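# Topology and contacts: notes
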Amino acid sequence: MSTTNVTAPRTDAEHDQLSINTIRTLSIDAVERAKSGHPGTPMALAPAVYTIWNRVMRFDPQDPIWPNRDRFVLSNGHASMLLWSVLHLTGTCAVNPDYERLGQPSVSLEDIRRFRQIGSKAPGHPEYHWVSGVETTTGPLGQGVATSVGMAIAQKWLADRYNRPGFAIFDYDIYVVCGDGCLMEGVASEAASLAGHLGLDNLCWVYDNNHITIEGQTSLAFTEDVATRFLAYGWNVLRVSDANDLERIEHALGVFRETKGRPTLIILDSHIGYGAPHKHDTAAAHGEPLGEEEVRLTKRSYGWPEEAQFLVPDGVREHFAAGIGARGAAARSRWTALFASYRAKYPELASEIDQMQRRDLPAGWDHNLPVFPADAKGIAGREASGKVLNLLAQNIPWFLGGSADLGPSNKTTLTYEGAGSFQAGSRGGKNLHFGIREHAMAATVNGLSLSKLRAFGATFFIFSDYARPAIRLSALMELPTIFVFTHDAMGDGEDGPTHQPVEHLASLRAIPGLVTLRPGDANEVVEAYRYVMQLRHQPAVLALSRQPLPTLDRRVFASAAGVARGAYVLADPQSGNPEVLLIASGSEVSLAVEAHEKLLAEGIRSRVVSMPSWEIFDQQTQEYRDSVLPPAVKARVAVEQASTFGWERYVGSAGRVIGMTTFGASAPLKALQKKFGFEPDRIVAAARQLLGRQ
């Protein structure tokens, strides 16, 4: 085991070892005090993370959101004390949600003392938007590596659009630390395959090969040849057999930076719980404190004061300041001067970069969005969406996206002249081809958004199940991502219940912070995009129809601009207050309109409420919500081709919900609508029954 004189380091090697052991002991002490956490991986990986940060990365701790900084992702987020330690020791400064530099530490020593406690900037896993210096939220294994692929795509796209001869405005790299768990997760395989195909040579994954998981040796379930697997993906694969060999780690990182046309995987052989005499190389070092006696023995093996807690020896912070601090400040200073010259020569491009970094939109971004004329035959939600996407992509230079191999069906392909496809040989294309990799697609979209691009991903609504973990993280990170899901109900009837989403709306509506919109006609689709594009800190899902929906005559019915309030009164009786409320979303809005007209003909005063988004409606004032759904009107019928779960909040105990309580079936759409009661007469009958007029 290594020994270190903690009071008088004299050589560069001693400075290095003192800094590494400071990371290790801060991690040990934080986990021990919290009585929970994962000490073993920080103990093993401290040398690698130290090398990346203090010897290699271009990152200015004084400005952690500098656009051309290198990115660091801790994909095995349970080892978060690695990150909290280096953020503290480098003096990384805090930034608020308005991108203002606050001049105070991102992670203080007190935060580390209060690791995993309420209000601490050292939570159990890295949290973007809560702690400056965290590039993405990680913890669910595999998500970090997958998100990094989006970051790498973003750098390539930004460089293609904005770099000019002599002006390398965007040339940063992405460094990712991951573990066995990350590589076992399917999303990592999806992402690695995509990264290899795209030749993302700005991406480096450092794989902590410690052979240990919670259950014990990885050989219990994981015996594949990782190197050969990644070679097959088209990656450059390197190996460092000793995680404590700083020179070999730095050399491998140098090889990565010189490698062109392929991403790099560095397989780093390490020992979990390094230095712990009884827990070295054991699962016991993974997910629980070492214990008081083992902590003392471990510190002794490091040559560390055994009783000292949260010790940062003199000279450690100064050593980081002389390393990453000086290097990062110089790099940022050079870039700032370069960007000033760039602004003088290319003012329009510089203005775009400014707007993008603030998550603003260019002037006139929505000036030519379509207005669809009334049409009884109508247009499918996906068709209207495709028209809007093509206009937005032309109006907003940094708006791009794609589908999980369903572009022609989702109607998300950007077809205007010059749109192009992003590939290894065409970095400026705006069409992203994710392949049949829904989970990696959603994580990649997160990475693009974290890089300040406005990005969308698309697939059938039923396959949102595969993307949901990354959508959840998007909401947790408060990213303005966009997910376009078509075939939202039974429109593709013959494919049967495997392709008919039932519980998906309820599932997505359950995610805090996610805006879900199910527009009822083409003009509601337009207004849905108008609303979504202005979001800065919320992701959104659009659930769109496969089949044509009647385009309502807005001279007769209320303006589709009501979408911006989540729900609005679409139609009312000509006189008198409504007796019954008909509430619907998506394809069922037109059914509610037909039922409304039948009820009016019978002398029953009904109101139609189009409710494309529960989340937006719930954010409105009580006065507005009561004006749409008058509390005095208890007779209410909600209709939606989805699970009835949750609708009781709007219809109350006296209302009815016409929805799905089973899975669907394989049949043409009209037969399915009849079988499951999605017909105007069913709505009329329910309204009559509620009013006692059968």
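## A few points about the nonpolar core
- The biggest cluster of nonpolar side chains holds 228 residues, and the ones touching the most others in it are Trp53, Trp84 and Trp205.
- The element contributing the most residues to this core is helix 5 (residues 143-162), with 11 residues.
- Beyond its immediate sequence surroundings of up to four residues, Trp53 is in contact with Phe59, Phe72, Leu83, Val86, Leu87, Thr90, Ile324 and Arg327.

## Quick word on the sheet that holds strand 11 (residues 399-403)
- Taken together, six strands build an open sheet; the order of strands is 12-11-13-14-16-15 and the sheet is parallel. Strands with a single pairing partner mark the edges of an open sheet, and in this sheet they are strand 12 (431-433) and strand 15 (515-517). When the angles between neighbouring strand axes are averaged without regard to direction, this sheet yields 20°.
- Relative to strand 12, strand 11 runs parallel, the two sharing three bridges. The residue bridging Gly402 from the neighbouring strand is Leu432, located in strand 12.

## Observations regarding helix 1 (residues 12-34)
- Taking 1.5 Å of rise per residue, 23 residues should cover 33 Å, and helix 1 covers 33 Å from first to last C-alpha, within 8% of that figure.
- Just beyond helix 1, the residue with positive phi is Lys35, at close to 60°.

## Overview of the pattern of salt bridges
- Counted according to the given criterion, the structure contains 36 salt bridges.
- One salt bridge connects Arg69 with Glu135, and the closest N-O pair in it is separated by 2.9 Å. With Arg69 in the loop between helix 2 (40-56) and strand 1 (71-74) and Glu135 in the loop between helix 4 (109-113) and helix 5, this pair connects stretches of sequence that are 66 residues apart. Residues Arg69 and Glu135 agree in their burial class; the two are buried.
- For Asp360, the salt bridge is made with Arg358, and the minimal N-O distance between the two is 2.7 Å.
- Take Asp360: its relative accessible area is 27%, and that puts it in the partly exposed class.

## Some points on the environment of Leu479
- Within the secondary structure layout, Leu479 lies in the loop between helix 16 (464-477) and strand 14 (482-486).
- The class for Leu479 is buried, based on a relative accessible area of 1%.
- In this structure, the C-alpha to C-alpha distance between Leu479 and His129, residues 350 residues apart in sequence, is 9.3 Å.
- Each residue touching Leu479, except ones within four places of it in the same chain, is listed here: Tyr128, Arg359, Asn446, Ser449, Leu450, Ser474, His537, Gln538 and Pro539.

## Looking at the sheet that holds strand 21 (residues 636-643)
- Read from one edge of the open sheet, five strands run 18-20-19-21-22, paired in mixed fashion. Both edges of this open sheet fall to strand 18 (568-571) and strand 22 (656-660), since each of them pairs with a single strand only. Along the sheet, successive strands turn relative to each other by an average axial angle of 25°, direction set aside.

## Digging into helix 2
- Under the 1.5 Å per step criterion, the end-to-end length of helix 2 is 24 Å for 17 residues, consistent within 8% with the ideal 24 Å.
- Ala46 marks the point of greatest bend in helix 2, at about 55°, and the proline Pro47 comes within the next four residues.
- Of all 17 residues in helix 2, 16 are buried; the element is thus mostly enclosed.

What counts and how
Residues numbered from 1 in each chain as written. Predicted model: local features only at pLDDT ≥ 70, side-chain atom pairs only at ≥ 80, totals over all residues. Heavy atoms only, no water. Core = buried A, V, L, I, M, F, W, Y, C linked by side-chain atoms within 4.5 Å. Buried < 20%, exposed > 50% of the residue type's maximum accessible area, 1.4 Å probe, protein only. Helix = DSSP H or I, 4+ residues; strand = E, 2+ residues; numbered from the N terminus. Contact = heavy atoms within 4.5 Å. Pairing = 2+ DSSP bridges. Axes fitted to C-alpha atoms, helices over the stretch in contact; angles between N-to-C directions. Expected span 1.5 Å × (residues − 1). Salt bridge = Lys/Arg side-chain N within 4 Å of Asp/Glu carboxyl O. Bend = angle between axes of the 7 residues up to and from the residue.

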